Amino acid sequence: MNQPRRRRHVGRWLLAACIVIACVAFAIMWRPAIAPLAAIPTFDQTRIERGANLARLGMCASCHTPDLAKPFAGGKPMETPFGIVHSTNITPDNDTGIGRWSQEAFTRSMRKGVSRDGHLLYPAFPYNHYTRMTQADIDDLYAYFMTRPALHAPARDNQMTFPFGLRPLVAFWNVLYLDDAPWQTDPKQSAEWNRGAYLADAVAHCAACHTPRTMLGGPDLSRPLDGGEADDWYAPALNARSPSPLPWTREQLHAYLRSGIAEDHAAAGGPMQDVVTHLAQADERDVAALAAWTHSHLAQAPARTTPAQQSASLPAPKADDPDLQRMQAGYALYANACARCHDAGRSPSSGAALPLQKAVALYDPDPRSLIHIVDDGIAPPDGEPGRWMPGYETILTDEQTGALAAYLRKYGAGQPAWPELNDAVRKARAP
Amino acid sequence: MSAAPPCDEGRRRFLAAGGALTLSFAMPAWSAPGELPKSLDKTPWLDAWIRIEANERITIFTGKVELGQGIKTALLQVAADELRVAPGRLHLVTADTERTPDEGLTAGSNSMKDSGTALRHAAGQVRVRLSELAAARLSIPAANLTLKDGAFIAADGRRVSFGQLVTGQELHVRATPDAPPPAPGPKTAIGKSVPRVDIPPKLTGGRAYIQDLRLPQMVHARVVRPPSQAARLIAVDAAAVLRMPGVLKVVRDGRFLAVIADGEYRAVKAATALARATRWDVAAPLPTYPDIATLVRAQPAQPYPILERGVPGAQGQTLRATYTRPFQLHGSIGPSCAVAQLVDGRYTVWTHSQGVFPLRGALAELLGVKDDTIRCIHLEGAGCYGHNGADDVAADAALLARALPGRPVRVQWMREEEHAWEPLGAAMVVDVAATLDGNGRIADWQYAVLTPSHNQRPGKAGNLLAATHLAKPFAPPVPKPSPQPEGSGDRNAIPYYAIPNARVTHHFQPRMFLRTSALRGLGAYCNVFAIESFMDELARAANADPVAFRLRHLTDPRAIEVVRLAAAKFGWNSYKRPAGTTRRGRGFAFARYKNLLAYCALAVEVEVALETGLVRIVRAEAALDCGEIVNPDGVRNQIEGGIVQSTSWTLLEKVRYDAGQMLTLDWGSYPILRFNQVPNSVGVHLIDRPGQPFLGTGEAAQGPAAAAIANAVFDACGLRMRELPLDRQRMRRA
Amino acid sequence: MTTYRLQVNGKQHAVDLDPDTPLLYVLRNELELNGAKFGCGLGQCGSCTVLVDGKSVMSCLVPVSAVGGRAVRTVEGLGSVDKPGVLQQAFIDEQAAQCGYCIAGMIMQATALLEKTPAPTDAQIRTHMSPNLCRCGTHMRILRAVRRAADVLAKQAAGAKG
């Protein structure tokens, strides 16, 4: 009958559809190269200084300066669920850096995640946040980066898990997650709050760590600021779900963001340490604005009663504790290793250590931050003064760390046990 | 050309004569003719320095002490060389008030100059005396005897050994001023890099430090210190502490508060509990200032002109600058420790003090006893770099030994205690102005250094910390400046350059609200930093190469030689900044320590990252002339160490405090150099001067390193840093 | 006070102590071992570094009650004045000490590195040694000594293979 003809029709439609899909896909994935710059222009000193401030607020050095002696030369390996990505050289070196990038190329990389020569950048580079920066701010950053010393540092090879290494596929990620609508202020809020909101979203990209991610590694916008992760640390929720056992005041937040310490309240550990190191060098008014914005979200957390309101020493386990042996082991470790700084008998060096019933890590839904603090301690940046907590990774066995964490969770924070705690310890310590 | 007389009295007279100070010190010996060298003049008996026993054991006695500078080995080499024996044959006894000569302090880079010279002189005269005895014994003229391995040998094979010759008081003779003739035959020790005798036990767990001393019945004590020097003790409730396990006694005398326990960690815990059970009232807050220059300028000062040459007011281009140095710490890696015991009215104190004899005097005054009832024995501590807590902890131990007679009491300072209470390296401000003439030469030089005391060593009981806390406290004596050329805060304040018109004034501050005392180099660190930084600024104003500019102003050939050598080894004239790397620059500096001792020139390349504030020496090349070299590797070790330590001071270190207390209490709050910031390479090139006096090396490199770094930073990025330290925060904000 | 059984340098010891006594004090006072030193008691300087189960630890931070049966090694276990171990000999050859107070800790820290990474780069040596402080400025010699020991061990391994 007419079936062969229908099959030919269907075949042609399918072919046409494939061609259309291929064209669309190509249109999504392909970007043209932008012509290389002939010579780097000169810039106004005020632009450069504003750019320096923005670079601090944008945390650029966190990824692009693994070697303090070579600012922005890149080369830092970053573990992602998709493989290991290395940061690139963003000094104005002609051969290995961005020396040939025009303002247009720089802007495109910040807004679209596209390199000068058209290849797509992995979203480990948070362009999905930077895209909402104002053009003036991007121009200031350009002025700053193009006036840094040019360092010769070729890009390192990445180790991506197939097929995530295929850069054109990033285009599809961008379709889902790159929202390049420009920044909008909220007229109901103060100028300072708006400044804070802009900096938090477009520049400091707080949500990159503090908002959970989807399976594809994009921000889960249905749960903004619900808590996320960075470098295998749990980054707490900054909203009504904040695990903090005591409410934060604005002054505490400001002090914390500037110095990493809110006295008798919190100490920044892990990746947050690098954040506060950057903010300490940024304009104080911008940090105040960030504090104002963050506080407006944290203040939504309902008041609760926790052991943090008391200042007594952490107690011994109850005699009828169903896990008594383990709790006693944890308590002994606390009393013999931690209490001499963290309890009432703490010595005055390095400033007083936080009484642990106030430590937010004990109240996190996830024990990773606690395990990392115990293992790594907290040390100031190289050559700079600061508070010091030693690391216990080689001192405590996995079992001891698990017992200590279990004890602190129950008798320090009064929270339900973390499930799979021993597994979590093992995973946290795996190289 | 005139030689400066050796003693301070003579120098003061010389300076007061008002003549131009000529800077030529090319003298073959440290003593004037007819005088015994220093240290021997106080202890002239030969057998006070060298003893020989029938079993051939040779013991050398010195009033100096091992601080980690290798002096034990170097002194053994000197004595061994004069006696023509292998250094391993000798035993050395270091400062002990009951056994050794009194040589005052081991400080000022004077150990080789004083003890080395004395030992060389004494050992030489012992050798001569022994050869005379051997000649008599063997009936052969001394000149016909061969000296080998501690024995004199006749041509016919008959021999007599040192031990056979000394059966009684043969060496109990006074040294005579004439220098002994040089020893015959090849050198056995001097000029050789003899491995240090003290290193192997330190690496293998041997007993080496005061901290390793364990005595029967020994107990452990810790002191509870006030929050600040002005604090008053209101109340102590020791009842709970006395019930703690192992606690033997709580001792209180005024504000001096301590606990003694039978176990060390028990003492630590008891002290923490005692501190919590004590209430203090901070009577007077410490004064705070926005910066060091304001702080120093605010303190009353007495002017001491130390150089007045020519006539001021030369015409030309005048430059001015101010340089500053903050308070800095000795920061001994091992906090200070002492053990003391009182038995039958006699005290024995084991201490790492740099001066056991002066300490004994201070302790005697503190305890109200006679000097000879106290014996102070030196045992090594960690590197002290000057007047740290060693004397204070000895006083703590002595007071507690008195409170618990019979038992040896060991006091170990905690880290926070050492950081908070050690006498500090003094803050300094330098104001300098100079005028260049039309030929690019310095025509006029005006230099003023403002600083408190750099020497509050015991001495007196009032220099001991605990003594100032007793119910009947001892007041610290009002310090006085030490005269040039030793100087204190004004050490090396007189430039070594030929400048026709120059005025240098030391504005001495007798009172400072923080205790300051000797830190390695004393004023030389900051004065050389200032002078050598300013020389660079002048060189640039004169459009001259920094090395050429210095050479233009040096007349001492030995100085010229070290400058040329350091520049050559660095490749100064062919230096090219590498492309595609960090900001790089080169810097140069030269100084002669105290204008009297070792000559040190240093060229460095640094890298500067202004965005992170990081500064690092990439490579350093030093040239050193320290007279006759006893142990070349030992000298290199000291200079390398001095450069690296000074790098730490210069790039990182400043003490911080607030109205209530010191804030720099540990390594977190007072960071020092770690491995990731040390240079890639440090080269030390030595110029040996056999026959010339020993010049000492321990403090020669600190000042030049600071200036070379600052000069290189300027070359790298155009920033002239005049305030120490060049820390990351300051570099980022520059 | 409780009795704790410790294995130190291959020997068994029984000590009666308060459970929170740091291992450093046990080594120095009860066992009279001089190597590990008190530098800060805060884990900031490394003078007290020893090995526990092959990993470097700051013994001033380890309560004796937490050691258990794990093998403790100190510098005394590496060799003696008469028979120094490879690292100890390398430090002697380089004269890598001034006051020497930090050196036992340096040697133990280096031991942990060389046992895990027999052929470290210079950068790895620097980073690994960073927790240990030296105040005298002996760093250059310490790095050379570790490098020298690594080379000696590499030659020994090659000799053993060949």
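Analysis parameters
- Residues numbered from 1 in each chain as written.
- Chains lettered and ligands numbered in written order.
- Predicted model: local features only at pLDDT ≥ 70, side-chain atom pairs only at ≥ 80, totals over all residues.
- Helix = DSSP H or I, 4+ residues; strand = E, 2+ residues; numbered from the N terminus.
- Buried ≥ 20, exposed ≤ 12 C-beta atoms within 10 Å, placed from the backbone.
- Contact = placed C-beta atoms within 7 Å.
- Rg over C-alpha atoms; globule rule 2.2 N^0.38 Å.
- Nonpolar A, V, L, I, M, F, W, Y, C, P; charged D, E, K, R; others polar.
- Domains from an automatic or database assignment.
- Axes fitted to C-alpha atoms, helices over the stretch in contact; angles between N-to-C directions.
- Parallel < 35°, antiparallel > 145°, perpendicular 65-115°, else oblique.
- Pairing = 2+ DSSP bridges.
- Left-handed = near helix turned anticlockwise from the far one by under 90°.
- Core = buried A, V, L, I, M, F, W, Y, C linked by C-beta atoms within 7 Å.
- Expected span 1.5 Å × (residues − 1).
- Bend = angle between axes of the 7 residues up to and from the residue.

Trainee: Would you mind showing me how to read the overall build of chain A here?
Mentor: The number of helices and strands found in chain A is 16 helices and 7 strands. Its C-alpha atoms give chain A principal-axis dimensions of roughly 80 × 75 × 45 Å. In chain A, buried positions account for 45% of the 431 residues. Expressed as a percentage of contacts within chain A between residues at least 6 apart in sequence, the contacts between residues at least 24 apart total 64%.

Trainee: Even after reading the chapter, I still don't get the overall build of chain B, so can you show me in this structure?
Mentor: Each helix and strand in chain B was counted, giving 17 helices and 24 strands. Whereas a compact globule of 734 residues would reach a radius of gyration of roughly 27 Å, chain B reaches 27 Å, a difference of no more than 12%. When its C-alpha atoms are laid out on the principal axes, chain B stretches across 75 × 75 × 55 Å. Relative to its 734 residues, chain B shows a buried fraction of 59%. In chain B, the proportion of contacts linking residues at least 24 apart, taken out of those at least 6 apart, comes to 79%.

Trainee: Explain the interface of chain C and chain B to me, please; I cannot follow it from the model alone.
Mentor: By a widely used convention, the size of an interface equals the accessible area lost when the partners come together. Listed as interface residues are 49 residues of chain C and, on the opposing side, 47 residues of chain B. Elements supplying a minimum of two residues to the side of chain C that touches chain B: helix H1 (23-30), helix H2 (86-93), helix H3 (103-116), helix H4 (122-129) and helix H5 (139-161) of chain C. Residues of the side of chain C that touches chain B, tallied by class, amount to 23 nonpolar, 20 polar and 6 charged.

Trainee: Just to check I follow, could you spell out the domain arrangement of chain A for this structure?
Mentor: Residues and elements named next belong to chain A. Each assigned domain of chain A is listed here: domain 1 (45-175), domain 2 (191-298) and domain 3 (311-429). A separation of 23 Å is found between the C-alpha centroids of domain 2 and domain 3. Opposite the 17 residues of domain 2 that make contact, domain 3 presents 16 residues. Of the residues in the side of domain 2 that touches domain 3, the class split is 9 nonpolar, 6 polar and 2 charged.

Trainee: What should I look at first to understand the domain arrangement of chain B in this one?
Mentor: All names here are of chain B. Split by domain assignment, chain B resolves into domain 1 (25-191), domain 2 (210-283 + 330-421) and domain 3 (428-454 + 489-733). If you average the C-alpha positions of domain 2 and of domain 3, the two centres end up 37 Å apart. Taken together, the contacts link 12 residues of domain 2 with 12 residues of domain 3. No other element matches helix H11 (residues 415-421), which puts 4 residues into the side of domain 2 that touches domain 3. Considering only residue class, the side of domain 2 that touches domain 3 consists of 4 nonpolar, 6 polar and 2 charged.

Trainee: Quick question: what am I supposed to make of the packing of helix H10 (residues 250-259) of chain A against helix H11 (residues 271-280) of chain A here?
Mentor: Angle between the axes and distance between the axes are the two parameters that describe a pair of packed helices. All names here are of chain A. Look at H10 against H11: their axes get within 6 Å of each other, and the N-to-C directions meet at 95 degrees. Considering the angle they form, H10 stands roughly perpendicular to H11. Of H11, the residues touching H10 (which contributes Leu-257, Arg-258 and Ser-259) are Val-276, Leu-279 and Ala-280. Residues belonging to the contact of H10 with H11 are distributed by class as follows: 4 nonpolar, 1 polar and 1 charged.

Trainee: What's the story with the sheet that holds strand E23 (residues 614-625) of chain B in this structure? I'm lost.
Mentor: Within a sheet, adjacent strands bond to each other through the backbone by hydrogen bonds, running parallel or antiparallel. Residues and elements named next belong to chain B. Here 4 strands make up an open sheet; going across it, the order is E21-E22-E23-E24 and the pairing mixed. Unpaired on one side and paired on the other, strand E21 (583-592) and strand E24 (681-687) mark the two borders of the sheet. When strand polarity is set aside, the average angle formed by the axes of neighbouring strands in this sheet is 15 degrees. With 10 bridges connecting them, E21 and strand E22 (residues 599-609) associate as antiparallel partners. In the sheet register, Arg-586 faces E22, and the bridge partner there is Glu-605. Running at roughly 150 degrees to E21, helix H16 (residues 702-717) makes contact with E21, E22 and E23 of the sheet.

Trainee: What am I meant to see in the interface of chain C and chain A here?
Mentor: Counting from both sides, the interface comprises 15 residues of chain C and, opposite them, 13 residues of chain A. Among the elements that line the side of chain C that touches chain A, the one with the most residues is strand E4 (residues 55-58) of chain C, at 4 residues. Grouping the constituent residues of the side of chain C that touches chain A by class yields 9 nonpolar, 4 polar and 2 charged.

Trainee: Which parts of the structure should I look at to understand the packing of helix H14 (residues 368-376) of chain A against helix H15 (residues 398-412) of chain A?
Mentor: Residues and elements named next belong to chain A. Packing of H14 against H15 brings their axes to within 11 Å, and their N-to-C directions diverge by 125 degrees. In terms of axis orientation, H14 runs oblique to H15. With respect to the hand of their crossing, H14 and H15 are arranged in right-handed fashion. Only Thr-401, Leu-404 and Ala-405 of H15 make contact with H14, whose side of the interface consists of Leu-370, Ile-371 and Val-374. Per-class residue counts for the contact of H14 with H15 are 5 nonpolar, 1 polar and no charged.

Trainee: Help me out: how do you make sense of the sheet that holds strand E1 (residues 2-8) of chain C in this one?
Mentor: All names here are of chain C. Pairing is mixed in the open sheet, where 5 strands are placed in the order E2-E1-E5-E3-E4. Taken across any chain shown, the strands that pair with only one partner, and hence form the sheet edges, are strand E2 (11-17) and E4. Direction aside, neighbouring strands of the sheet carry axes that sit 40 degrees apart on average. Looking at chain direction, E1 and strand E5 (residues 71-73) are connected through 2 bridges and run parallel. When the bridges of E5 are listed, Gln-7 appears paired with Ala-71. Running over the sheet, H3 touches strand E3 (49-52) and E4 and is turned about 35 degrees from E3.

Trainee: Sorry if this is basic, but what is going on with the nonpolar core here?
Mentor: What tends to happen in soluble globular proteins is that the nonpolar side chains get buried as a cluster. Residues Val259(B), Ala397(B), Leu602(B), Ala622(B), Leu624(B) and Val713(B) are the most contacted members of the largest nonpolar core, which totals 399 residues. Other than its neighbours up to four places away in sequence, Val713(B) contacts Gly585(B), Val606(B), Val608(B), Val615(B), Leu719(B), Met721(B) and Leu726(B).

Trainee: Please clarify how the pairing of strand E1 (residues 77-80) of chain A should be interpreted in this entry.
Mentor: Sheet faces and side chains relate simply in a regular strand, where the side chains alternate between the two faces. As judged from the 4 bridges shared by E1(A) and strand E2 (residues 83-86) of chain A, these two strands associate in the antiparallel manner. The residue of E2(A) that forms the bridge with Glu79(A) is Ile84(A).

Trainee: Which parts of the structure should I look at to understand the environment of Arg326(A)?
Mentor: All names here are of chain A. With respect to the helices, strands and loops of the structure, Arg-326 is situated in helix H13 (residues 324-342). On the neighbour-count criterion, Arg-326 (18 C-beta atoms within 10 Å) is partly exposed. Contact partners of Arg-326, with chain neighbours within four places excluded, come to Ala-403 and Ala-406.

Trainee: I'm lost on the environment of Asp157(A) in this one. Help?
Mentor: Its location among the elements puts Asp157(A) in the loop between helix H6 (135-146) and strand E3 (159-160). Sequence separation between Asp157(A) and Tyr144(A) is 13 residues, and the spatial gap between their C-alpha atoms is 27 Å.

Trainee: What exactly am I supposed to notice about H13(A) here?
Mentor: Residue pairs spaced three or four apart in an α-helix point in one direction, given the helix's 3.6 residues per turn. Residue and element names in this part refer to chain A. For H13, which comprises 19 residues, the first-to-last C-alpha distance of 23 Å sits more than 12% below the rise-based estimate of 27 Å (1.5 Å per residue). Within H13, the axis deviates most sharply at Asn-336, by approximately 45 degrees. Within the span of H13, buried status applies to Ala-329, Gly-330, Tyr-331, Ala-332, Leu-333, Tyr-334, Ala-337, Cys-338, Arg-340 and His-342. Summarising the contacts, the buried residues of H13 are in contact with H15.

Trainee: Can you walk me through the pairing of strand E17 (residues 409-412) of chain B in this structure?
Mentor: All names here are of chain B. In E17, alternate side chains face the same way, and those of Val-409 and Val-411 on one face and Arg-410 and Gln-412 on the other are all buried. Note that strand E14 (residues 337-343) and E17 share 4 bridges and pair antiparallel. When the bridges of E17 are listed, Ala-338 appears paired with Val-411.

Trainee: Looking at this structure, how should I read helix H12 (residues 524-541) of chain B?
Mentor: All names here are of chain B. For H12, with 18 residues, the first-to-last C-alpha span of 25 Å sits near the 26 Å given by 1.5 Å per residue. A large share of H12 lies buried, amounting to 15 of its 18 residues. Where H12 terminates, the next one or two residues include Asn-543, which has phi positive at roughly 55 degrees.

Trainee: How should I be thinking about unusual backbone geometry in this particular structure?
Mentor: In this structure, the amide linkage connecting Phe162(A) to the following residue, Pro163(A), adopts the cis form with an omega of 0 degrees. Position of Pro163(A) among the secondary structure elements: in the loop between E3 and helix H7 (170-177). Following Leu724(B), the chain continues into Pro725(B) via a peptide bond in cis, with omega recorded as -5 degrees. With respect to the secondary-structure elements, Pro725(B) resides in the loop between H16 and helix H17 (728-733). A positive phi angle is found at Glu56(B), which is not glycine, with a value near 75 degrees. Tracing the backbone shows Glu56(B) in the loop between strand E1 (50-52) and strand E2 (58-61). Of note, the phi angle at Asn543(B) is positive, near 55 degrees, even though the residue is not glycine. Turning to its location among the elements, Asn543(B) is positioned in the loop between H12 and helix H13 (546-552). Residue Asn543(B) is classed as exposed on the basis of its C-beta count, with 8 C-beta atoms lying within 10 Å.

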